[in-house]
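Listed here are the chains, written in short residue letters.
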Amino acid sequence: MPNYTLNVNGKQVSVTADADTPLLWVLRDELNLVGTKFGCGIAQCGACTVHIDGVATRSCQIQVSILDNTKITTIEGLSKDGNHPVQEAWKEIDVPQCGYCQAGQIMTASAFLAENKNPSEEEIRNAMHGNICRCASYNRIEKAVKVASQKM
Amino acid sequence: MKLHKNDNFSRRNFLKTSVLASGGMLIGFNFLTACKPEAKMPVDIASLNFNDFNAFIKISDEGYVTIFSPNPEIGQGVKTSMPMIIAEELDVEWKTVTVAQGILDTKNYTRQVAGGSQSIRQGWDALRQTGATAKQMLVNAAAKKWNVDATTLKASKGIITNEKGEKLGYGAVVKEAALLEVPEKAQLKETKDFTIIGQDAINVDIDKIITGEPLFGLDYKTEGMLYASVLRPPAFGQKLDTYDDAKAKAVNGVSDVLKFGDKIAVLASSTWAAMKGKKALSATWKTDSKAESTEKHDKILNKILDGKDFDVRREDGNIKKAFSTADKVIERTYNSPFLPHNCMEPMNFYADVTADKIHLVGPIQTPQWTANRVAKLLERKVDEIHLEMTRMGGGFGRRLYGDFALEAAEISNLAKKPIKVVFSREDDMTAGTYRPAIKYRIKASLKDGKVTGYHLKEAAVNGNMYGLIPNFFPAGCIPNYKVETGNYKSNITTGAWRAPYTNFLAFAEQSFFDELATELNVDAIQLRLDLLQNVKNTDDKRIEYSGQRMEDTIKLVREKSNWGKNAEGTYQGFAAYYSHNTHVAEVAEIELKDGIPVIKKVTVAVDCGVVVNPTGAKNQVEGGVIDGIGHAMYADFSFKDGKPEYKNFDKYRLIRMGETPKVEVHFVQNNLSPTGLGEPGLPPAGGAVANAINAALGKRLYNQPFVNEIKKSSILG
């Protein structure tokens, strides 16, 4: 199997994997970064969202072989002490129920707010529409994104 | 049930304390059987271990408290709310409390289940008594130290104070307290003195969730563990005939392919390799029993409704007479599809089966039942099984069934290695334990402006409404009343799905009553309130819901939703339902955008007794309402030739942010014992929305998902 060097959360890491292996499984199974979740495997639910060069990306659809010279950020690397404004807002609003989808929600929200500092309600709802929360904590996600935007 | 129930509660039988070698005090208790007189605990304190207790409180020498939460956490918040109840009566500050998931051994442990919204309701008394008893022991130890009567001491926020104003922290007396007799009497707090119960407490796992720490079953791994992807029969009614694993074995990372029963497991060093290996398998299948389809189910259920083969579940008065003498008779039929659970965390389980023991780890709602089934399957003793529960990425009933844990155990037993079974989303959706398709036919007679007769027939696949459901509203409200159930046995696996049966029954019934209100020309809420007067002073013991509590709940939602005073261009719909011991009333408000209904807001009133953790409680109701709307509006599922026709979220539609209304939750204030919230918010939601859509479009909805009905509607062109 080929070897790849990736920049994950600011560190250079080396992994051995088949070229077609999705980044999701490299993160989870090879690098023990299990915060990025598996939900559907077809980019429909958003549980596996990470940042690639700051852009929210479904890691289940990105092959490990095309990630040369990119910066990958996962939920584990979003902030040093879990104090990114979005993480703080998630805590303040007590968003999670089961909590499984929330890393993906947070990664989508943080990439969105980096681009749009003062979003309207409609912009928030559009930005978060791609991430499914099966517990339907949507009211709180929406509120937390608003609160986070005020903290950023 | 009143709040200060303190009768026949023998603490000696359920609680034991021990001094910890590492310092501090350990209190073991059995929270579910604690109130039952038959509960027996060992006399020998040295035998205090996880085999006899399912929950523990540890108080360190420094006064820090760790509570090992006994019940599975599927997102319903009990890992936060149950320890809050103990901490309240123990009288410590919530911020000094750490909550850990109790690790469980199957040997002799007692019932632990997450299901039916029962955790809080059943645990309330025992959890309070446990906290209060522990507090009393600490106070007694301080009294001994100061050589004063314990009644002269006060304890609050982890500090014991005597009449001179001297203070001792709990930590300073834990060693002595642990050696004292368990007292027979411990004073419970008055509701007004609660400082933790009734205050918002953030989910205890929040920091781990927002930083992505390992927490869920899918995150669990051990050194040398292999991932298993399983090929199962593609259709219900099929068995494995032949298979070829040469291509699968050639996949990088695949180490083994094992057949077990009618399934084939591909073992690999990564999840991806296991999944690839599974795709590379080729297999042929033979027919074992008849391949079924949704079309066929539809015909069969209609035939049941048209026929006479029913079990009578409740009958009052004489419906025949009521119908024959009525001014008008109305009959409607309501249809629902099968539904998969679609927990965001797909089914998975870890198993390490060795000659000495069986180690099982994963997300499971029924640890005890599952351990027993694994023992039976592998012909092992249940005390060789050590089962650990992880946090669960949703449950909704699916994780009651444990089929995935049995698969893991069977594969590990064959492979002689630690393995973890991981379902793909397609596996999860097609190898489900579905909410079965159900039809209701409801008929009512109207005479002199009143509902005089009510006849409900249920036709369901594989099961029928259980327990007290035939005695829910409107039983007791209408003099001539009959509920009957009919059934068809299918080879498709079915089971409990969040708020079983009532998740669809509530929609059918509450839509029907809305139609009756229109027919009688009375306000929809007023009709319910009028009917409830008939059940208020009932001496019928079978009636479980309370006419008074339902009335109070309905009146609260009427006030908070501005019922009947809504703005121009908005349309309201009402529904109320009692399920899982909790009364809920909802008003949905919609607007039309280009003729399409948009659900803007749902106002909810809930009577669940004392609200233990308001933020968690609201979260449950908000989620339950939106979940109920999502499935009523969008969720479709069908079978053809025994095969599920939906496999992933590209075709199967779950509700998303953009379709989500604002949910406003209000609680009825009272001091009654708390009841659960994991399910009760869901059942009324579909009915409230359907009734609002009728208010807007003049179109009654009889089939779920609504979106198909609305699309078909000529009103929308």
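Note that the structure is a prediction, hence the values are computed from the model and not measured.

1. Structural notes on the overall build of chain B
When helices and strands are tallied, chain B shows 17 helices and 29 strands. Its C-alpha radius of gyration of 28 Å places chain B within 12% of the 27 Å reference for a compact globule of 717 residues. Dimensions of chain B, computed from the C-alpha atoms along their principal axes, are close to 80 × 70 × 45 Å. With 717 residues in all, chain B has 63% of them scored as buried. The long-range share in chain B, meaning contacts at least 24 apart out of those at least 6 apart in sequence, stands at 77%. Carbon and sulfur atoms make up 49% of the accessible area of chain B, which totals about 27,400 Å².

2. Here's the deal with the side chain of Ser81 of chain B
Residues and elements named next belong to chain B. Locating Ser81 in the fold gives a position in helix α1 (residues 78-90). Judged by relative accessible area, which is 9%, Ser81 ranks as buried. Setting aside anything within four residues of it in sequence, one finds Ser81 in contact with Ile120, Val612 and Asn613.

3. Overview of the nonpolar core
Side chains of a nonpolar character, in soluble globular proteins, are inclined to be buried together. Of all hydrophobic cores here, the largest spans 208 residues; its most connected members are Trp90 of chain A together with Ile411 and Tyr440 of chain B. Apart from residues no more than four positions distant in its own chain, Ile411 of chain B is found in contact with Ala228, Val230, Leu258, Phe260, Ala265, Leu267, Ile419 and Val421 of chain B. Counting 43 residues, the second largest nonpolar core, distinct from the first, contains Met84, Leu90, Ala177 and Leu180 of chain B.

4. Brief notes about the UniProt feature "domain: Aldehyde oxidase/xanthine dehydrogenase a/b hammerhead" (unreviewed entry) in chain B
Under the UniProt annotation, the feature "domain: Aldehyde oxidase/xanthine dehydrogenase a/b hammerhead" (unreviewed entry) is placed at residues 211-289 of chain B. Annotation note: span residues 211-289 of chain B, helix share 19%, strand share 41%, distance between end C-alpha atoms 48 Å.

5. Here's the deal with the confidence of the model for chain B
For any part of a model where pLDDT is low, the fine detail of the predicted coordinates should not be relied upon. Per-residue pLDDT for chain B has a mean of 90; in total, 90% of the residues score no lower than 70. Below pLDDT 50 for its whole length, residues 31-52 of chain B participates in 47 contacts with residues either more than four positions away or in separate chains.

6. Details of the layout of surface pockets
The calculated volume of the largest pocket comes to roughly 1,200 Å³. When the residues that make up the lining of the largest pocket are grouped by side-chain class, the tally is 21 nonpolar, 13 polar and 16 charged.

7. A few points about the interface of chain B and chain A
On the chain A side, the residues contacting the 62 residues of chain B number 52 residues. Summing both partners gives a buried area of about 4,900 Å² for chain B against chain A, and 55% of it is carried by carbon and sulfur. For the pair chain B and chain A, the interface holds nine salt bridges. Residues Asp627 of chain B and Arg134 of chain A are paired through a salt bridge, measuring 3.0 Å at the closest nitrogen-oxygen approach. Our enumeration of links across chain B and chain A arrives at 41 residue pairs in polar contact (both at pLDDT 80 or more). Where the side of chain B that touches chain A is concerned, the elements lending two or more residues are α4 (206-211), α6 (271-280), α11 (425-430), α15 (614-634) and β29 (662-667) of chain B.

8. Considering the packing of helix α5 (residues 138-151) of chain A against α15 of chain B
Between α5 of chain A and α15 of chain B, the shortest axis-to-axis distance is 8 Å and the interhelical angle comes to 115°. Contacts from Tyr138, Asn139 and Arg140 of chain A in α5 of chain A reach Thr615, Lys618, Asn619, Glu622 and Ile626 of chain B in α15 of chain B. Its residues assigned to classes, the contact of α5 of chain A with α15 of chain B comprises two nonpolar, three polar and three charged.

9. Some thoughts on the pattern of salt bridges
Tallied over the full model, the rule gives 49 salt bridges over all chains. In this structure, Asp219 of chain B and Lys37 of chain A form a salt bridge, with 2.9 Å as the shortest nitrogen-oxygen distance. Here the residue Asp219 of chain B occupies a position in the loop between α4 and β10 (226-231), and Lys37 of chain A occupies one in the loop between α1 (23-30) and β3 (49-52), the pair thus bridging two chains. Arg128 of chain B is paired through a salt bridge with Glu89 of chain B; the nearest N and O atoms lie 2.9 Å apart.

10. Some points on helix α3 (residues 170-179) of chain B
Those residues of α3 of chain B that fall on the buried side of the exposure criterion are Tyr170, Gly171, Val173, Val174, Ala177 and Ala178 of chain B. The arc that holds the buried residues of α3 of chain B, viewed along the axis, is 150°, so those residues lie on one side.

11. Structural notes on the side chain of Glu659 of chain B
Within the secondary structure layout, Glu659 of chain B lies in the loop between β28 (643-644) and β29. Those residues in contact with Glu659 of chain B, other than ones at most four positions away along the chain, are Arg125 and His129 of chain A together with Tyr634, Arg653 and Leu654 of chain B.

12. Comments concerning the sheet that holds strand β4 (residues 55-58) of chain A
Across a sheet, strands are paired by hydrogen bonds formed along the backbone, either parallel or antiparallel in direction. Residue and element names in this part refer to chain A. With respect to topology, five strands assemble into an open sheet ordered β2-β1-β5-β3-β4, the strand pairing being mixed. Across the chains shown, the open sheet's two edge strands, defined by having one partner strand only, are β2 (11-16) and β4. When strand polarity is set aside, the average angle formed by the axes of neighbouring strands in this sheet is 45°. Where β3 lies against β4, four bridges are found, and the strand directions are antiparallel. Pairing of Val50 across the sheet is with Thr57, part of β4. The strands touched by helix α3 (residues 102-115) are β3, β4 and β5 (71-73); relative to β3, the strand with the most contacts, the crossing angle is about 35°.

13. Let's talk about the sheet that holds strand β9 (residues 167-169) of chain B
Residues and elements named next belong to chain B. Within the open sheet, the three strands sit side by side as β7-β8-β9. Their pairing is antiparallel. The open sheet is flanked by β7 (154-156) and β9, the only strands paired with a single partner. Across the sheet, the mean angle from the axis of one strand to that of its neighbour is 25°, orientation sign disregarded. Where β7 and strand β8 (residues 159-161) come together, three bridges link them in antiparallel fashion. What sits directly across from Ala155, in β8, is Ile160.

14. Quick notes on the domain arrangement of chain A
Residues and elements named next belong to chain A. When cut into domains, chain A gives domain 1 (3-77) and domain 2 (85-150). In this structure, domain 1 and domain 2 have C-alpha centres spaced 21 Å apart. Taking both partners together, domain 1 and domain 2 bury about 1,100 Å²; carbon and sulfur atoms supply 60% of that area. Among the residues of domain 1 in contact with domain 2, Lys37, His51 and Ile75 are the three that bury the most area, contributing 40% of the side total. Linking domain 1 with domain 2 are zero salt bridges.

15. A short note on empty space enclosed by the protein
All names here are of chain B. In the structure shown here, the tally under the stated rule is eight cavities of 30 Å³ or more. By volume, the largest cavity is sized at about 90 Å³. Contributing to the lining of the largest cavity are Leu339, Arg435, Trp497, Asn503, Gly628, His631, Ala632, Leu682, Pro683, Gly686 and Gln704. Secondary-structure elements contributing two or more residues to the lining of the largest cavity are α15 and α16 (683-697). Partitioned by chemical class, the residues of the lining of the largest cavity number five nonpolar, five polar and one charged.

16. A closer look at the state of the cysteines
Taken as a whole, this structure holds zero disulfides over all chains when the rule is applied. No disulfide involves Cys101 of chain A; its sulfur sits 3.8 Å from that of Cys133 of chain A, the nearest cysteine.

Conventions used here
Residues numbered from 1 in each chain as written. Chains lettered and ligands numbered in written order. Predicted model: local features only at pLDDT ≥ 70, side-chain atom pairs only at ≥ 80, totals over all residues. Heavy atoms only, no water. Helix = DSSP H or I, 4+ residues; strand = E, 2+ residues; numbered from the N terminus. Rg over C-alpha atoms; globule rule 2.2 N^0.38 Å. Buried < 20%, exposed > 50% of the residue type's maximum accessible area, 1.4 Å probe, protein only. Contact = heavy atoms within 4.5 Å. Areas by Shrake-Rupley, 256 points an atom, 1.4 Å probe, with all protein chains shown as cover. Core = buried A, V, L, I, M, F, W, Y, C linked by side-chain atoms within 4.5 Å. UniProt positions renumbered as here; feature names shortened; annotations may be inferred. pLDDT = per-residue confidence, 0-100. 1 Å grid on protein atoms, 1.4 Å probe; cavity = no way out; pocket = protein on both sides within 12 Å on 5 of 7 lines; lining within 4 Å. Points joined across faces, edges and corners; volume = space filled by probe spheres on them. Nonpolar A, V, L, I, M, F, W, Y, C, P; charged D, E, K, R; others polar. Buried area = accessible area lost by both parts, 1.4 Å probe. Salt bridge = Lys/Arg side-chain N within 4 Å of Asp/Glu carboxyl O. Polar contact = N/O pair within 3.5 Å; in protein donor to acceptor, adjacent residues only side chain to side chain. Axes fitted to C-alpha atoms, helices over the stretch in contact; angles between N-to-C directions. Arc of directions from axis to C-beta. Pairing = 2+ DSSP bridges. Domains from an automatic or database assignment. Disulfide = S-S within 2.5 Å.

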